[in-house]
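A closer look at the structure
Now for the letters of each chain:
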Amino acid sequence: PSRKSGGRVKEIDEEIKKKTIAIDFDGVIHRYSKRWQGMANAYDPPMEGAIEAIKRLKAEGYHLIIFSSRDTNVIRKWLVKYDLDTYFEDVTNTKIPAKVYIDDRAYRFESWEKTMEDLVD
C-alpha cells in the first residue's frame, strides 16, 4: 500500500505502522488543567498515569509519536523537562501512519448518518 503526498507516492511500511502509536499532547500527556493558555504555554506536569503508560508502551516495542497542533519545540522542551524525550521517535503536526491515535477530543467514525446525528441533530 502507498499514499500520494505532494504528487509523489510514498510507501508505507506496514510493520512500522502496526507498532506506531500517535498520542495527542494536551489533555493526554500534558495535564492541560487550565485548557488553552497560548501556543507556547505547556504549563502543567504530565497527566496522571501518563509516564507509566508511555514507559510500558515503549517496553512493549511501540514507536511513540506525539501528534499535536501545538508548537513542536514547546513540546520537545517540555519532554526534556520531565525526562520523557527519549521515549518518543518524533513530535509532529503531520498525520502519520499509525496503528491508533490516542486523543482526548477524538470522535470514533462509524458512518456519516451516525456522525450527523451525534454532531448536528
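Just so it is clear, the structure is predicted and the values come from calculations on it, not from any experiment.

One open sheet holds the 4 strands; their spatial order is 5-4-3-6, and the pairing between them is parallel. Every interior strand has two partners, whereas the edge strands, strand 5 (90-92) and strand 6 (100-102), have only one. Averaged over all pairs of adjacent strands, the angle between strand axes in this sheet comes to 25°, irrespective of strand direction.

Tallied over the full model, the rule gives 5 salt bridges. A salt bridge links E60 to R56, with the shortest nitrogen-to-oxygen separation between them at 3.9 Å. Here R76 makes a salt bridge to D90, at a shortest N to O gap of 3.3 Å. Residue R76 is located in helix 3 (residues 72-81), and its partner D90 is located in strand 5; the two are separated by 14 residues in the primary sequence.

Here we take up the packing of aromatic side chains. By the definition in use, this model includes 4 aromatic pairs. Taking 5.2 Å as the distance between ring centres and 85° as the angle between the ring planes, the aromatic pair formed by F67 and Y101 counts as edge-to-face. On the criterion of sequence distance, the pair formed by F67 in strand 4 (residues 63-67) and Y101 in strand 6 is long-range, its members being 34 residues apart. Assessed through its relative accessible area of 27%, Y101 is described here as partly exposed. Ring centres 5.3 Å apart and planes at 65° place the aromatic pair F109 and W112 in the edge-to-face group.

Note that strand 3 (residues 20-23) and strand 4 share 4 bridges and pair parallel. The residue bridging I21 from the neighbouring strand is L64, located in strand 4. Running through helix 3, the crossover from strand 4 to the neighbouring parallel element strand 5 is right-handed.

Attention now goes to the side chain of D24. Checked against the element boundaries, D24 lands in the loop between strand 3 and helix 2 (50-59). For the buried residue D24, which engages in no salt bridge, the nearest side chain bearing the opposite charge is R105, 7.5 Å off. In contact with D24, other than residues within four places in its own chain, are I29, F67, S68, I102, D103 and D104.

Definitions and limits used
Residues numbered from 1 in each chain as written. Predicted model: local features only at pLDDT ≥ 70, side-chain atom pairs only at ≥ 80, totals over all residues. Heavy atoms only, no water. Pairing = 2+ DSSP bridges. Helix = DSSP H or I, 4+ residues; strand = E, 2+ residues; numbered from the N terminus. Axes fitted to C-alpha atoms, helices over the stretch in contact; angles between N-to-C directions. Salt bridge = Lys/Arg side-chain N within 4 Å of Asp/Glu carboxyl O. Phe/Tyr/Trp six-rings, centres within 6.5 Å; stacked < 30°, edge-to-face > 60°. Buried < 20%, exposed > 50% of the residue type's maximum accessible area, 1.4 Å probe, protein only. Right-handed = clockwise from strand over helix to strand, strands pointing away. Lys, Arg positive; Asp, Glu negative; His and termini not counted. Contact = heavy atoms within 4.5 Å.

Note that every value here comes from positions in space, so none of it alone points to a role or purpose.
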